[in-house]
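The primary structure of each chain is shown beneath.
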Amino acid sequence: MIFICLWTSKALAKTGEPLPAYTSLYYSVYEQKVLLSVMHSEEPEALQLLLASAPGMDLQKEEDYRAKLEKFIRRFEKKKNRYSDAYLLEQLFYRVHRKYLKKYQPYVGFSQLLEKGKYNCLTSTALYAWFLQALGYEYQIIETDYHIFLMVKTSSGEEIMIESTDPKSGFVRDPKLIAQRLEQIKNDALSPEARKERPYHDFKLQLFREINLQQLAGLQYYNQAAYLYNNRKQAQAATALSKGNLLYQAERFEHFAGLLAEAK
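Now for a quick tour of the structure. (Residues numbered from 1 in each chain as written. Predicted model: local features only at pLDDT ≥ 70, side-chain atom pairs only at ≥ 80, totals over all residues. Heavy atoms only, no water.)

### Digging into the packing of helix 9 (residues 213–230) against helix 10 (residues 234–247)
When two helices pack together, their arrangement is captured by the angle between the axes and the distance separating the axes. The contact between helix 9 and helix 10 brings their axes to 8 Å, and the two run at 170 degrees. Taken together, the axes of helix 9 and helix 10 lie roughly antiparallel to each other. Every residue of helix 10 that contacts helix 9 at Gln214, Gln215, Ala217, Gly218, Tyr221, Tyr222, Gln224, Ala225, Leu228 and Tyr229 is listed here: Gln234, Gln236, Ala237, Ala240, Leu241, Lys243, Gly244 and Leu247. Looking at the contact of helix 9 with helix 10 residue by residue, the classes come out as 10 nonpolar, 7 polar and 1 charged. (Axes fitted to C-alpha atoms, helices over the stretch in contact; angles between N-to-C directions. Helix = DSSP H or I, 4+ residues; strand = E, 2+ residues; numbered from the N terminus. Parallel < 35°, antiparallel > 145°, perpendicular 65-115°, else oblique. Contact = heavy atoms within 4.5 Å. Nonpolar A, V, L, I, M, F, W, Y, C, P; charged D, E, K, R; others polar.)

See the structure below:
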């Protein structure tokens, strides 16, 4: 979807610069309201932040998505006191893959996951995080240069790793296997699927840190900007990047903004 951009790439270099309230900047009135609420230091619900970048999103669609997600998670809420955390989390991992995660595809948004089952590392991690939050689990979203994954802590203190794009062995309990995977990620030994999500310009930031769901939604805009940039839509990429920077003030946005400024 092409829309009018009133934001210049030079303006992006200012971290956290407010987004002007012009409807022409947004994919929907829904997105405009969500982002303006962030600008006014309010805290939209995580699902709203993840859905905001979808063209044509509105409150009715949000309510429909939320109702389906809540219906899905209720069955696990009922089981939470009857089974161990590890067992329940493992059941959740595989059930989510069977129901929601149908086809891996780079650059798709969260609404496309819910609507069509198309997912990537970012959106599938966001879905698991939303479910974990709904169930009251302590978890961490870990961001690296080109990958995102989850660490979950059970009530007994056990740490479990969730690699959302690995449907067969992405639920990891063995501490040795977790350590091996973490080492692989730190060494940037990523799967071919994860490598597909890289923008053409190779940023080497050596990231390995915890982020929250709002920041993850910001990275969704970052991916959108990368997709637009790769398709030579620089003005639209600059707008998407500014929206993401509003949600997450991080160095990768500054690096990307500099690249856009050079290409102008």
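That covers the picture; the talk isn't over yet.
### Observations concerning the sheet that holds strand 4 (residues 148–153)
Note: strands within a sheet are paired through backbone hydrogen bonds, in either parallel or antiparallel orientation. The 5 strands lie next to each other as 6-5-4-3-7, forming an open sheet whose pairing is antiparallel. Two strands bound the open sheet, and with one partner strand each, they are strand 6 (171–172) and strand 7 (208–211). Sheet analysis places strand 5 (residues 159–162) next to strand 6, joined by 2 bridges and oriented antiparallel. By the bridge assignment, Ile162 is partnered in strand 6 with Phe171. In the packing of helix 9 onto the sheet, the strands contacted are strand 3 (138–144), strand 4 and strand 7, and the crossing angle to strand 3 comes to about 30 degrees. (Pairing = 2+ DSSP bridges.)

### Some details on helix 6 (residues 121–135)
In this model, helix 6 (15 residues) spans 21 Å end to end at C-alpha, consistent with the 21 Å of a helix rising 1.5 Å per residue. N-capping of helix 6 is provided by Asn120, with a side-chain oxygen placed 3.1 Å from the backbone N of Leu122. Within two residues after helix 6, Gly136 carries a phi angle of roughly 80 degrees, on the positive side. (Expected span 1.5 Å × (residues − 1). Polar contact = N/O pair within 3.5 Å; in protein donor to acceptor, adjacent residues only side chain to side chain.)

### Regarding the pattern of salt bridges
Enumeration according to the criterion identifies 8 salt bridges in this entry. Across the salt bridge formed by Glu45 and Arg66, the nearest N and O atoms sit 3.3 Å from each other. Of this pair, Glu45 sits in the loop between helix 1 (29–39) and helix 2 (46–51) while Arg66 sits in helix 3 (residues 59–79), and the two are 21 residues apart along the sequence. Here Glu45 falls in the partly exposed class, since its relative accessible area comes to 27%. With a relative accessible area of 18%, Arg66 lands in the buried category. Two residues, Arg209 and Glu251, come together in a salt bridge whose shortest N-O distance is 3.0 Å. Linking Arg209 in strand 7 with Glu251 in helix 11 (residues 251–263), this pair joins segments that are 42 residues apart in sequence. Residues joined by salt bridges that share partners form a network here, namely Glu143, Arg209, Glu251 and Arg252. (Salt bridge = Lys/Arg side-chain N within 4 Å of Asp/Glu carboxyl O. Buried < 20%, exposed > 50% of the residue type's maximum accessible area, 1.4 Å probe, protein only.)

### A few points about helix 10
Three- or four-residue spacings in an α-helix give side chains the same orientation, since the helix completes a turn every 3.6 residues. Between its terminal C-alpha atoms helix 10 stretches 20 Å, which fits the 20 Å expected from 14 residues at 1.5 Å a residue. Among the 14 residues that make up helix 10, 12 are buried, leaving the element largely enclosed by the rest of the structure. Buried residues of helix 10: Gln236, Ala237, Ala238, Thr239, Ala240, Leu241, Ser242, Lys243, Gly244, Asn245, Leu246 and Leu247, and no others. Against the buried residues of helix 10 lie helix 1, helix 2, helix 9 and helix 11.

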